[in-house]
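Descriptive analysis of the structure
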Amino acid sequence: MSSKTVNQKAWFLVAPVFIVVAFNALVPLMTVVNFSVQETFGDNVFTWAGIHWYQDVLHSERFHSALLRQLVFSALVLAIEIPLGLAVALTMPRKGIWVSVCLILMALPLLIPWNVVGSMWNIMALPDIGLLAKIINGLGIDYNYTRQPMAAWFTIVLMDVWHWTSLVVLLSYAGLVSIPDAYYQAAKVDGAKPWAVFRYIQLPKLKHVLTIAVLLRFMDSFMIYTEVSVLTGGGPGNSTTFLSIDLVKIALGQFDLGPAAAMSMIYFLIILSLSWLFYTLMMKNEEA
Amino acid sequence: MAKISIQNLRHSYLPSPDPARSEDYVLKKLSIDWRDGGAYALLGPSGCGKTTLLNLISGLLVPTEGKILFDARDVSRATPEERNIAQVFQFPVIYDTMTVYDNLAFPLRNRGVAEVEVDSRVKEIAAMLDLSSTLGNRASGLTADGKQKISLGRGLVRSDVNVIMFDEPLTVIDPHLKWQLRSKLKELHQRTKRTMIYVTHDQTEALTFADEVVVMNNGEVVQSGTPIELFEKPKHTFVGHFIGSPGMNVLPCEVKNGRVAFAGQTIQAQNAKSVKPSQNRLEIGVRPEFVTISKTGIAAEVVKVADAGRFRIVETMAAGSSVKLLLHEDATVPTGQIKLTFDPDHTQVYENGWIAGGTA
Amino acid sequence: MQMQKFTRFAPLFYVTFLMVPIYWLLNMSFKTTNEILGGFTLYPHHFTLDNYATILTDSSWYSGYINSIEYVVINTIISVSLALPAAYAFSRYRFLGDKHLFFWLLSNRMAPPAVFALPVFQLYSEVGLFDTPWAVALSHTLFNIPLAVWILEGFMSGVPKALDETAFVDGYSFPRFFFRIFIPTIAAGIGVACFFCFMFSWVELLLAKTLTSVAAKPIAAIMTKTASASGYQLGLLAAAGSLTLIPGAVVVYFVRNYIAKGFALGRV
């Protein structure tokens, strides 16, 4: 790390990546910025609209609701998946044949196309047909996710927990097995109880890995689209319409270029700032 | 503090070793007695089983066969906590999120010691280790030797510790700080009179720290004794090689009519009378310190002269074997053909590696 | 004691929880529509392979799988190949704007596909790549290349520069050094990078759907169309879904040794 030499020719090595990503990122982004400051009445005629769309979006009830729902969803999902993933990783065996089996099975949900995830939980939750529906109704609770917002939220959160917790498990597990045995041995010799071992040895050493897990889960949950779209379509009503779903409705559904573009920029900026915030907060202690 | 006894200890890492195959075992039949309050070293090359032995004594491993006794109490299956031991590892093991003070206090607090006593013990140990000024700092901010001191401190802070074990603790310490820490360890031993067992592959560390050194090779004890004994009367050629820099000269020899001969010359050796003619491999061992250039004696040719500071190492060839000797830096450097004499009081005959006539 | 028992079985509970919906999906795939709509059964009473037969024989179905695999493979190859030299540059050199470039790359991982859906649709239509696997493969590089660069850079930083220097002193030209010596050293890292590129491209739907219509239609699009269009052919849908589990399972099996190790060595 410290022995890097200065060499501007390195740009040649980086150029292909820069070009390809720029093509897929900067060009569309410029298009979006373009649309966000213009107004069109069809026939490809554009007039300058300044920050008009931005104001529209930022003041719209619709945007506020979608943003609020999104924040609640991300918070819920983080609050469940991070501790749960960590807990499962802590209880996993370190050696033996079961390790591979467990890891493979746990990785499966991560590799299922997101629409299939949505379909799976669709099938699980359908009234009269789905296993989940059957179990919940069997417990005496009236459950119908196509009609009840609470049921829809419950199902979506459960689906996301099912889908992504394994990522936290795998990351945490990798962090745990990299802790040298000597630390556990020293703790034994010092007479430390299991909780102390967790608090003073494992948790500090997992800081880096948990930061990555939190960042990844926050970003991805904030961008969620497919699974929710397939399962509830944003409904019932718009009770599960999160930011991406709303945006796609406006952009590809209604083709409202201006508002869609402005919303896109705001959306992207929110993610960037919140991610940066998370990152700085979690990294702060490392310097101290 | 306790007297520690190892009785017929054998250990294998395999789940079901074959008792008849000694290769299955990392430790092959050891019996050692360590008296209370002594400073001991376990010295040997990598892979000789010394770390395994250490972990068996501390309770991190359960022995396959044999017993470990602390003061006549069988602890072979007791946990590390039950044995009241302390261990310092190769790299510093500290609790990063705690201060130096809390690190040292940790073992005491876990055992429910009253806070007042914790405070006095921690301050006492910190003073001994020169850590007093850093007590309020975060442990993660200290240098490697500071952290090792904390590790050591956690062992010293408990008053009921039977033995403190060190597993190559100076490995990550900067060379110029190594001797400082080494002296500190010796000093601590003299002050606290705790039983200390120090595992290392570095002979300097072992010989300067310990009252008694146990030399191990291939899972067995080769020789156990004071540093002087090991130096002057090695019981095995391995000990001769391993200890001293440069190591002992080991030369093939023959025994004829009660006389030991090398390079056609009769050699006077300490234990020449104990040697009976047999099929065993015979060698004589003599340290370079006890080889001198003389007018008559064994014919040798000077091959190389190396400068080692206060003295010079002269490497010669005699009858096809390499013989090294030491010369004071002021002496004239020899060249060409010379004659060598071995000091009879420090020349031994070895049979198959072991000293002839001595206890194997 | 209670605690200990619980902790030993916790992974088992968790894995069971994960397997239940998968089982349910498979269960559905082997049932006839009548059985599904007729009542609730925990396992197929009238086991049938009809659903699978339909999918594997009807080209409008199985072409979806082929299309999907096509763009995923193309994307993985492009992403990892381009990322390798770039990661090497970040790992070994300092150059003008290097930190900014790195962060900009990572920021694209945070870009919501929803934001890019419409503009990317227009862009690829304009360059005439609409409805081809190349469109999807290239658009996925938006987030896969940064990921690959990040993973590979982590692995490369673990290789001491002394290796490079020795090779150059020994007379290796840069390309020869890179391919003969360096790449084998970071093979595990390349494996991890390929795994993640495969994963994130295979699972993504929004961009894949937006950039295709008929010729390059991925299986995901075909499934969603079926679900809404012809009413509830749940069995068929379930079978289609079950088949999409296979590539994932295969890939995981191949990298099983690296999963824990690779995560730890590099920095996912």
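Everything numeric here is computed off the predicted structure, so don't read it as measured data.

**Points about the overall build of chain A**
A tally of regular secondary structure across chain A gives 13 helices and three strands. Expressed as lengths along the three principal axes of its C-alpha atoms, the size of chain A is roughly 75 × 70 × 30 Å. Taken over 288 residues, chain A has a buried fraction of 58%. Contacts in chain A between residues at least 24 apart in sequence constitute 68% of all its contacts with a sequence separation of at least 6. As displayed, chain A has an accessible area near 12400 Å², and 68% of this comes from carbon and sulfur atoms. Charged side chains in chain A number 16 positive and 16 negative. The centres of these two groups are separated by 14 Å.

**Looking at the pairing of strand β13 (residues 259-262) of chain B**
All names here are of chain B. Of the two faces of β13, only one is covered, namely that formed by Val260 and Phe262; the face formed by Arg259 and Ala261 stays uncovered. Taken together, the three bridges between strand β12 (residues 254-256) and β13 define a ladder with antiparallel strand orientation. Bridge pairing in β13 places Val255 opposite Val260. Sheet topology note: the β13/strand β14 (residues 265-267) ladder contains three bridges and is antiparallel. Of the residues in β14, the one forming a bridge with Val260 is Ile267. Between β13 and β14, which pair antiparallel and follow one another directly, the connecting turn spans two residues, one of which, Ala263, has a positive phi of 50 degrees.

**Here we look at the interface of chain A and chain C**
With 88 residues of chain A at the interface, the matching set in chain C holds 93 residues. Carbon and sulfur atoms make up 81% of the surface buried where chain A meets chain C, a total of about 8000 Å² over both sides. One can count one salt bridge joining chain A with chain C. Between the two partners, chain A and chain C, sit 16 residue pairs in polar contact (both at pLDDT 80 or more). Counting residues per element, the side of chain A that touches chain C draws most heavily on helix α1 (residues 10-36) of chain A, which supplies 20 residues.

**Observations concerning the packing of aromatic side chains**
One pass over the full model with this rule turns up 44 aromatic pairs over all chains. Here Phe218 of chain A and Phe222 of chain A contribute two aromatic rings whose centre-to-centre distance is 5.2 Å and whose plane-to-plane angle is 40 degrees, an arrangement assigned as tilted. With a gap of four residues between them, Phe218 of chain A and Phe222 of chain A both fall in helix α10 (residues 207-222), about one helical turn apart. Of the two residues examined, Phe218 of chain A and Phe222 of chain A, each falls in the buried class. Of the aromatic side chains, those joined through ring pairs into one cluster are Tyr88, Tyr93, Phe168, Phe174, Phe177, Phe178, Phe179 and Phe182 of chain C. When the ring centre of Phe231 of chain B is taken as origin, the NZ or CZ atom of Arg287 of chain B, which lies over that ring, is 4.3 Å away.

**Concerning the pattern of salt bridges**
Between side chains of opposite charge, pairing is possible as soon as their charged atoms come close. Overall, the coordinates contain 19 salt bridges over all chains when judged by the stated rule. The salt bridge partner of Arg217 of chain A is Asp160 of chain A, with a shortest N-O separation of 2.9 Å. Placement of Arg217 of chain A in helix α10 and of Asp160 of chain A in helix α7 (residues 149-177) is noted, with a sequence separation of 57 residues between them. The pair formed by Arg217 of chain A and Asp160 of chain A is uniform in burial state, with each residue classed as buried. We note a salt bridge from Glu124 of chain B to Arg121 of chain B, for which the minimum N-O separation is 3.7 Å. Within this pair, Glu124 of chain B and its partner Arg121 of chain B are both found in helix α4 (residues 115-128), separated by three residues, close to a single helical turn. Since its relative accessible area comes to 14%, Arg121 of chain B is described here as buried. Here the residues in one salt-bridge network are Asp130, Lys184, Glu187 and Arg191 of chain B, joined through shared partners.

**Considerations on the environment of Ala162 of chain C**
Turning to its location among the elements, Ala162 of chain C is positioned in helix α8 (residues 161-169). For Ala162 of chain C, a relative accessible area of 44% corresponds to the partly exposed category.

**Points about the pairing of strand β15 (residues 282-286) of chain B**
Residues and elements named next belong to chain B. Counting buried residues in β15 gives five out of five residues, a clear majority hidden from the surface. Burial along β15 is two-sided: the face carrying Leu282, Ile284 and Val286 and the face carrying Glu283 and Gly285 are both buried. Across five bridges, the pairing between β15 and strand β21 (residues 347-351) is antiparallel. Looking at the pairing, Gly285 lines up with Gln348 of β21.

**Notes on helix α12 (residues 243-253) of chain A**
Residues and elements named next belong to chain A. Across the 11 residues that make up α12, a large majority, eight, are buried. Taken as a whole, α12 has its buried residues at Leu243, Ser244, Ile245, Asp246, Leu247, Val248, Ile250 and Ala251. Phe255 sits one or two residues past α12 and shows a positive phi near 55 degrees.

**So, the side chain of Ser5 of chain B**
Residue and element names in this part refer to chain B. Structurally, the position occupied by Ser5 is in strand β1 (residues 4-11). Relative accessible area serves as the criterion here: at 8%, Ser5 is assigned to the buried category. One polar contact links Ser5 to Lys3, side chain to side chain, over a distance of 3.4 Å. Apart from the residues within four sequence positions on either side, Ser5 is in contact with Ile32, Asp33, Lys67, Ile68 and Leu69.

**Some thoughts on the interface of chain A and chain B**
At the interface, 19 residues of chain A touch 22 residues of chain B. Of the roughly 1700 Å² buried at the junction of chain A and chain B (both faces included), carbon and sulfur atoms supply 61%. Per-residue buried area on chain A facing chain B is highest for Val189, Asp190 and Tyr200 of chain A; these three make up 38% of the total on that side. For the pair chain A and chain B, the number of links is two salt bridges. Between Asp96 of chain B and Lys205 of chain A there is a salt bridge, with the nearest N and O atoms lying 2.9 Å from each other.

**A word on the sheet that holds strand β2 (residues 27-34) of chain B**
All names here are of chain B. Strands sit in the order β2-β1-β4-β5 across an open sheet of four strands; the sheet is antiparallel. Of all strands in the sheet, those bounded by a partner on one side alone are β2 and β5 (73-74). Where β1 lies against strand β4 (residues 65-70), five bridges are found, and the strand directions are antiparallel. The residue bridging Ile6 from the neighbouring strand is Ile68, located in β4. Against the sheet, helix α1 (residues 50-58) contacts β1, β2 and β4, and its axis sits at roughly 60 degrees relative to β2.

**Thoughts on the packing of helix α5 (residues 98-107) of chain C against helix α7 (residues 133-157) of chain C**
Residue and element names in this part refer to chain C. At a minimum axis distance of 8 Å, the contact between α5 and α7 shows a crossing angle of 125 degrees. The angle between the axes of α5 and α7 places the two elements in the oblique class. When the axes of α5 and α7 are compared, the crossing they make is left-handed. Here Phe102, Leu105 and Leu106 of α5 lie close against α7, whose contacting residues are Pro146, Val149, Trp150 and Glu153. Classifying every residue of the contact of α5 with α7 by side-chain character gives six nonpolar, no polar and one charged.

**Describing the nonpolar core**
The biggest cluster of nonpolar side chains holds 211 residues, and the ones touching the most others in it are Met106 and Trp121 of chain A together with Leu84 and Val149 of chain C. Sort the elements by how many residues they give to this core and α7 of chain A lands first, with 16 residues. Apart from residues no more than four positions distant in its own chain, Val149 of chain C is found in contact with Val17 of chain A together with Ala83, Ala86, Ala87, Phe90, Phe102 and Leu105 of chain C. With 47 residues, the next largest nonpolar core counts Val88, Tyr198, Val215 and Phe242 of chain B among its residues.

**Let's talk about the confidence of the model for chain A**
For chain A, the average pLDDT comes to 86, and 96% of its residues sit at 70 or higher. Element-level pLDDT for chain A is lowest in strand β3 (residues 46-48) of chain A, with a mean of 79, against a maximum mean of 93 in helix α3 (residues 61-91) of chain A.

The rules behind the values
- Residues numbered from 1 in each chain as written.
- Chains lettered and ligands numbered in written order.
- Predicted model: local features only at pLDDT ≥ 70, side-chain atom pairs only at ≥ 80, totals over all residues.
- Heavy atoms only, no water.
- Helix = DSSP H or I, 4+ residues; strand = E, 2+ residues; numbered from the N terminus.
- Buried < 20%, exposed > 50% of the residue type's maximum accessible area, 1.4 Å probe, protein only.
- Contact = heavy atoms within 4.5 Å.
- Areas by Shrake-Rupley, 256 points an atom, 1.4 Å probe, with all protein chains shown as cover.
- Lys, Arg positive; Asp, Glu negative; His and termini not counted.
- Charge placed at Lys NZ, Arg CZ, Asp CG, Glu CD.
- Pairing = 2+ DSSP bridges.
- Buried area = accessible area lost by both parts, 1.4 Å probe.
- Salt bridge = Lys/Arg side-chain N within 4 Å of Asp/Glu carboxyl O.
- Polar contact = N/O pair within 3.5 Å; in protein donor to acceptor, adjacent residues only side chain to side chain.
- Phe/Tyr/Trp six-rings, centres within 6.5 Å; stacked < 30°, edge-to-face > 60°.
- Lys NZ or Arg CZ within 6 Å of the ring centre and 35° of its normal.
- Axes fitted to C-alpha atoms, helices over the stretch in contact; angles between N-to-C directions.
- Parallel < 35°, antiparallel > 145°, perpendicular 65-115°, else oblique.
- Left-handed = near helix turned anticlockwise from the far one by under 90°.
- Nonpolar A, V, L, I, M, F, W, Y, C, P; charged D, E, K, R; others polar.
- Core = buried A, V, L, I, M, F, W, Y, C linked by side-chain atoms within 4.5 Å.
- pLDDT = per-residue confidence, 0-100.

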